[in-house]
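# Breakdown of the fold
Chain by chain, the residues run as shown.
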Amino acid sequence: MIFAAGLGTRLKPLTDSMPKALVEVDGKPLLQHLLEKLRCQGCREAVINVHHFADMIEQWCHVHPMGIDIRFSDEREELLETGGAIRHASSLLADGPFLIHNVDILSNADLARFYRQSAGAQAMLMVSERPSRRRLLFNDSMRLVGWTNLDTHEVKSPFPSLCVEACRSYAFSGIHVMNPHLFSYFSQWPRRFGIMDFYLSLCDREPIMGHVEEGLRLVDVGKME
């Protein structure tokens, strides 16, 4: 699943006339960069959620099929955030685990290998040592136990006595794999919710794992520069 519904407000004025997914980097839209990478690594089917300039994304995909069977999850009426987007698209997703990728992430990650390594986890999050003030927290087995903001010292965790300093701390890449088994928890959530809050609420009950991608080079295309 490709998250492509966002408003791209940090990329204004470009996103005043186009969706973030079609903003060009090095002469290609972000969506094309990602679809080419997915195709080269064996992906044959993708679901793309759309909201902001949804018609433009659908038309671009019609003109540029990219060798991938693409279906759309329509969020034109309401932007559902990342967790709500997955729930809204759940009927379009495969019966088995599926890769989730933000459209504005460019990286050298081996997505096929990462997908294979996720076997046995209900979700696996690709993380790295890259600088970030917002950090995911893991135990020694690389099971998710919490989240923290290094600037505000806010901590989110289902473990009330969690010692942040004793945890392994990594930055999230915007790339993860989810098992549909977790869909059974969606009914407890509102229509709009973030997927990371969802993972954090479950990590004491379900194996939400982290994978450190060694040598990861990643760009989050969020700002004009």
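Residues numbered from 1 in each chain as written. Predicted model: local features only at pLDDT ≥ 70, side-chain atom pairs only at ≥ 80, totals over all residues. Heavy atoms only, no water.

### Considering the overall build of the protein chain
Within the protein chain, the regular secondary structure consists of five helices and 14 strands. C-alpha extents for the protein chain along the principal axes are approximately 55 × 40 × 35 Å. Residue burial in the protein chain is summarised as follows: out of 225 residues, 49% are buried. Of all intrachain contacts in the protein chain linking residues separated by at least 6 positions in sequence, the fraction that spans at least 24 positions is 71%. Accessible surface, the protein chain as shown: approximately 11000 Å² in total, 50% of it carbon and sulfur. Put simply, the protein chain has 24 plus and 28 minus side-chain charges, and the middle of one group is 2 Å from the middle of the other. (Helix = DSSP H or I, 4+ residues; strand = E, 2+ residues; numbered from the N terminus. Buried < 20%, exposed > 50% of the residue type's maximum accessible area, 1.4 Å probe, protein only. Contact = heavy atoms within 4.5 Å. Areas by Shrake-Rupley, 256 points an atom, 1.4 Å probe, with all protein chains shown as cover. Lys, Arg positive; Asp, Glu negative; His and termini not counted. Charge placed at Lys NZ, Arg CZ, Asp CG, Glu CD.)

### Looking at unusual backbone geometry
Going from lysine 12 to proline 13, the amide bond is cis rather than trans, its omega being 10°. With respect to the secondary-structure elements, proline 13 resides in the loop between strand E1 (2-3) and strand E2 (24-25).

### Some thoughts on the packing of helix H1 (residues 30-40) against helix H2 (residues 54-63)
Relative orientation of the contacting elements H1 and H2 amounts to 45°, with a least axis distance of 12 Å. With respect to H2, the axis of H1 lies oblique. In the packing of H1 onto H2, the handedness of the crossing is right-handed. Side by side, H1 and H2 meet where Leu31, Gln32 and Leu35 of the first sit next to Ile57, Trp60 and Cys61 of the second. Residue composition of the contact of H1 with H2, by class: five nonpolar, one polar and no charged. (Axes fitted to C-alpha atoms, helices over the stretch in contact; angles between N-to-C directions. Parallel < 35°, antiparallel > 145°, perpendicular 65-115°, else oblique. Left-handed = near helix turned anticlockwise from the far one by under 90°. Nonpolar A, V, L, I, M, F, W, Y, C, P; charged D, E, K, R; others polar.)

### Things to note about the pattern of salt bridges
Under the definition given, this model contains 14 salt bridges. Between lysine 20 and aspartate 104 there is a salt bridge, and its shortest N-O distance comes to 2.8 Å. Here aspartate 104 lies in the loop between strand E6 (98-102) and strand E7 (105-107) and lysine 20 lies in the loop between E1 and E2, a separation of 84 residues in the sequence. For the pair lysine 20 and aspartate 104, a shared accessibility class is recorded, and that class is buried. (Salt bridge = Lys/Arg side-chain N within 4 Å of Asp/Glu carboxyl O.)

### Some details on the side chain of serine 118
Along the chain, serine 118 turns up in the loop between helix H4 (111-117) and strand E8 (123-128). A distance of 2.6 Å separates a polar atom in the side chain of serine 118 from the backbone oxygen of tyrosine 115. Those residues in contact with serine 118 that lie beyond four places of it in its chain are Met124 and Val177. (Polar contact = N/O pair within 3.5 Å; in protein donor to acceptor, adjacent residues only side chain to side chain.)

### A word on the pairing of strand E13 (residues 208-212)
Within E13, five of the five residues are buried, which leaves the element mostly enclosed by the surrounding structure. Neither face of E13 is exposed, since Ile208, Gly210 and Val212 on one face and Met209 and His211 on the opposite face are all buried.

### Focus on H2
The α-helix winds at 3.6 residues per turn, so residues separated by three or four positions along the chain end up facing the same way. Taken together, the buried positions of H2 are Ala54, Ile57, Trp60 and Cys61. Across the axial projection of H2, the buried residues extend over an arc of 130°, all falling on one side. Along H2, the residues that are exposed and aim more than 90 degrees away from the buried face are Asp55 and His62. Against strand E3 (28-29), H1, strand E4 (45-50) and strand E5 (69-74) lie the buried residues of H2. (Arc of directions from axis to C-beta.)

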